[in-house]
Amino acid sequence: MKPPQFTISPARRWRMLDLAELWRYRELAFALLARDVKVRYRQTLIGVAWAALKPLLTMIVFTVVFSKIVNVPSDGHPYPVFLYSALLPWQFFSNSLTSAANSIIGSKDLITRVYFPRLIIPVASVGAGLVDMLISMGVLVVLMLIYGIAPTPALLAVPALMLLVTVTALGAGILVAAMSVSFRDFIHLLPFALQLWLFLTPVVYSTSIIPERWQWLALLNPMTGLVEGFRSAFLGTPFDLAAIAVSTLCAAALFVGGVAVFERVEQTFADLI
Amino acid sequence: MDSYTSLEVRGISKQYRLGRTTSLDDGLRELLARSVSRMSRSRSADGPRRELIWALRDVSFDVAAGTAVGLVGRNGAGKSTLLKILSRITPPTTGEARVTGRIASLLEVGTGFQPELTGRENVFLSGSILGMKRREVRERFDRVVQFAEVERFVDTPVKRYSSGMFMRLAFSVAAHLEADILLMDEVLAVGDLAFQRRCLEKMDEVAHHGRTVVFVSHKLGAVRRLCQRVLYLDAGRLVADGPTQGVLARYVRDALVPPAGADGAGGTRFGAWRLAGRDEDTAHTCVAGDTITVRVPVRLARHVDHAWFQLALWGEGDEVVLSATSRDGGTPAMALQAGVHELAVRLQVPLRDGDYALELALCDVSGRDIERAELPPRLVVLPREDRALPRRSQGIVDVAVEFSCPAPDDPGPTGCP
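All of these numbers come straight from a predicted model, not from anything done at the bench. (Residues numbered from 1 in each chain as written. Chains lettered and ligands numbered in written order. Predicted model: local features only at pLDDT ≥ 70, side-chain atom pairs only at ≥ 80, totals over all residues.)

### Remarks on the overall build of chain B
The following threshold applies: Working definition: helices are DSSP H or I runs of at least four residues, strands are E runs of at least two. Numbering for both runs from the N terminus. Each residue is classed by its C-beta neighbour count within 10 Å, where at least 20 other C-beta atoms makes it buried, 12 or fewer makes it exposed, and intermediate counts make it partly exposed; the C-beta atoms are placed from backbone geometry. In this description, any two residues whose backbone-derived C-beta atoms lie within 7 Å of each other are considered to be in contact.
Within chain B one finds eight helices and 19 strands. By residue count, 36% of the 417 residues in chain B fall in the buried class. A fraction of 72% describes how many contacts in chain B between residues 6 or more apart in sequence connect residues 24 or more apart.

### Some remarks on the overall build of chain A
As a reminder, the rule being used: Atoms counted for the radius of gyration: C-alpha only. Globule rule: 2.2 Å times residue count to the power 0.38.
Within chain A, the secondary structure is distributed over 12 helices and one strand. Taken from N to C terminus, the helices and strands of chain A fall in the order β-α-α-α-α-α-α-α-α-α-α-α-α. The C-alpha atoms of chain A give 20 Å as radius of gyration, which agrees with the globular expectation for 273 residues (19 Å, within 12%). In terms of overall dimensions, chain A has C-alpha extents of about 65 × 45 × 40 Å along its principal axes. Considering chain A as a whole, with its 273 residues, one finds that 41% of them fall into the buried category.

### Observations concerning the interface of chain B and chain A
How we decide: Residue type decides the class: Asp, Glu, Lys and Arg count as charged, Ala, Val, Leu, Ile, Met, Phe, Trp, Tyr, Cys and Pro as nonpolar, and the leftover types, Gly among them, as polar.
Counting residues at the interface gives 38 residues for chain B and 29 residues for chain A. Only α1 (24–40), α2 (79–86), β4 (94–100) and α3 (119–129) of chain B provide two or more residues apiece to the side of chain B that touches chain A. Looking at the side of chain B that touches chain A element by element, the count peaks at six residues for β4(B). Counted by class, the side of chain B that touches chain A contains 14 nonpolar, 13 polar and 11 charged residues.

### Things to note about the sheet that holds β4(B)
Rule in force here: Any two strands with at least two DSSP bridges between them are considered paired. An axis is simply a line fitted to the C-alpha atoms; with a helix, the fit covers only the stretch in contact. Between two such axes, the angle follows the N-to-C directions and lies from 0 to 180 degrees.
Read across the open sheet, the four strands follow the order β1(A)-β4(B)-β1(B)-β2(B); overall the sheet is antiparallel. One side of each edge strand has no neighbouring strand; the edge strands of this open sheet are β1 (5–8) of chain A together with β2 (52–64) of chain B. Between one strand and the next, the sheet's axes are offset by a mean angle of 15 degrees, whatever the strand orientation. Across nine bridges, strand β1 (residues 5–17) of chain B lies against β2(B) in antiparallel orientation. Across the sheet, residue Arg17(B) finds its bridge partner in β2(B), namely Leu52(B).

### Notes on unusual backbone geometry
In the segment running from Pro376(B) into Pro377(B), the intervening peptide bond is cis, with an omega of -5 degrees. The residue Pro377(B) is located in strand β19 (residues 369–382) in this model. For Asn71(A), which is not a glycine, the phi torsion comes out positive at approximately 65 degrees. Counting through the fold element by element, Asn71(A) comes out in the loop between α3 (49–69) and α4 (79–106).

### A word on the packing of helix α7 (residues 158–182) of chain A against helix α8 (residues 185–200) of chain A
Residue and element names in this part refer to chain A. So the rule is basically this: The scheme is simple: roughly parallel for angles under 35 degrees, roughly antiparallel for over 145, roughly perpendicular for 65 to 115, oblique for anything else.
One can describe the packing of α7 onto α8 by two numbers: an axis separation of 7 Å at closest approach and a directional angle of 140 degrees. For the element pair α7 / α8, the angle class is oblique. Contacts between α7 and α8 pair Val176, Met179 and Ser180 from the former with Phe186, Ile187 and Leu190 from the latter. Of the residues assigned to the contact of α7 with α8, the class counts are five nonpolar, one polar and no charged.

### Observations concerning the pairing of strand β9 (residues 237–243) of chain B
All names here are of chain B. Both strand β8 (residues 229–234) and β9 contribute to a ladder of six bridges, which runs antiparallel. Considered in β9, the bridge of Val230 is made with Gly242. Between β8 and β9, which follow one another and run antiparallel, lie two residues, and Ala235 among them has a positive phi close to 50 degrees.

### Here we look at α7(A)
For clarity, the cut-off: The span one expects for a helix is its residue count, reduced by one, times 1.5 Å.
With 25 residues, α7(A) extends 37 Å between its outermost C-alpha atoms, agreeing within 8% with the 36 Å of an ideal straight helix rising 1.5 Å per residue. Burial analysis of α7(A) places 19 of its 25 residues in the buried class, the great majority of the element.

### Topic: the packing of α4(A) against α7(A)
All names here are of chain A. Applicable threshold: Crossings are classed by handedness, with left-handed meaning an anticlockwise turn of the near helix from the far one by less than a right angle and right-handed meaning a clockwise turn.
Their axes nearest at 7 Å, the elements α4 and α7 cross at an angle of 30 degrees. By the angle between their axes, α4 is roughly parallel relative to α7. Handedness of the α4/α7 crossing: right-handed. Note on element contacts: α7 touches α4 through Val165, Thr168, Ala169, Leu170, Ala172, Gly173, Ile174, Val176, Ala177, Ser180 and Val181, opposite Pro89, Phe92, Phe93, Ser96, Leu97, Ala100, Ala101, Ser103, Ile104 and Ile105. The residue inventory of the contact of α4 with α7, partitioned by class, reads 16 nonpolar, five polar and no charged.

Written out as structure tokens, the structure is:
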């Protein structure tokens, strides 16, 4: 029996994404994901509980600042739940985008020494972020119990919304990761971009406080539909389907664009990093 | 043994661009330059002129399944680049290679090790990074840990390991890889002397087990032992390909060419060494315990600001018996002009009789090698004339040792039984 065969040839400008190969390397993706999760909470007293505690603390700070001091309205919902249900997808988005963007540069040792589809690295980073998000979702359940908010069938939309946030974060993350191999500038720019993005997204406030004639502008932000979608799912308010449709298109475009750019430069990583 | 071809390499070349972008300023400038040139369709007209070098030039060869092939050449000859292309880390600029079989590359020990994780977790992580399935790692786990002699510490984070334990575990994972083709770099032999020997034995075992091996090394002894065939690269070109003995002889001969006026175009090179104050016959021979001065012509292709040297002696079993740098003795880093210099290294040789390989390295301020090479021929150490002992008793060093046993009426030290 002849063993498997492959051909090494010069880099091509555009390549198709080799899904079969990615699938063959799935165990590596899980190994890297497990490493990321384990390493993050090693040598801490409370371990994985940090995944729940970090968004909770952020929620408390934001509640004090935006609800108690600035008095941001929350459409009649208790502010902590109103905020947390949007903070949950936002923090997942922001954290996984950041770690995916840094993941390639941070894996220099692997990239210059072993072959595997490089896309595995940012995928594992986002996967590790997903684990954190599932844990911090527990806090939301507790908050809903405390404030007596009954779950509605709208909750069923959560997995689909989560998928959309994942795809958006992954698309943007691999795009920044691919570009930052040549230009580290993007890594330095990212935290500021995300900070600005947070305040352009209805996380600490509701879309309803945006003046009518500027609402369309908020819709251009792919995170608006997703964050408001999460809020609707947990609080049982009607979904803004138009906004979610925009977000879905954006997610798809970012993902396809990100993968295309990534695949284009992937082969040069080892020489440039 | 199977009769197919593992590697078919056809006209592989690799071009690198020197002076890569690092700073923000350069990065943006290049980006702008590139988009401008793309628009005007004239690539060389503007932007910083970049020097292009060929790390590999039109290299072709076949390797039949089950053969172990050595890859030799000076630093910068393209050995590592070739390994990186074959292991798909970087693509060739032109040319193609067909690889038949599962390939594993061991270019460095400890790839993917995570200090925070335990030994057990790292074995699984490193295993899957090197291309093993979880099931395969599980099957080999006990052997890996046993070989590394870290059974008691498998559940301790590896950051608490001694560097020896860390290296042993890392090597052990790599050594238990399942692959049809192994690309190995010499750095694999690590750890203390006893473990180094076991590493080499393990590599022997791997190489003689019907697997295809491409082995890069400066240690000709190891190449001679592991490989039936040798590829010799010089300045990116394959200059010789054939049975080990003949190609190594040519490589050694080339290395012996005195640097002054050799070919004019080459880089930094070491010439033929000899002992100071000896005639032709005894230029490479000394007696155990002698203090010798090794003289080596060194040709520098460029000015080096903070140069320092490292000299190592390798024993017959490929163990390091001595490794010293010019910094150890407090000699300040030297500023060396381009041109030919003569390095003199004075050292005492309190070694057992035998023959030893000299390895010399010239390093820059950051400790990176500018040149590193084994200097043939080997240094022959003769037994001391007053030695009554049979030749080659145990041990490496030959220093004055006195035994005494005081007579009973001598009070002697207290506490003796």
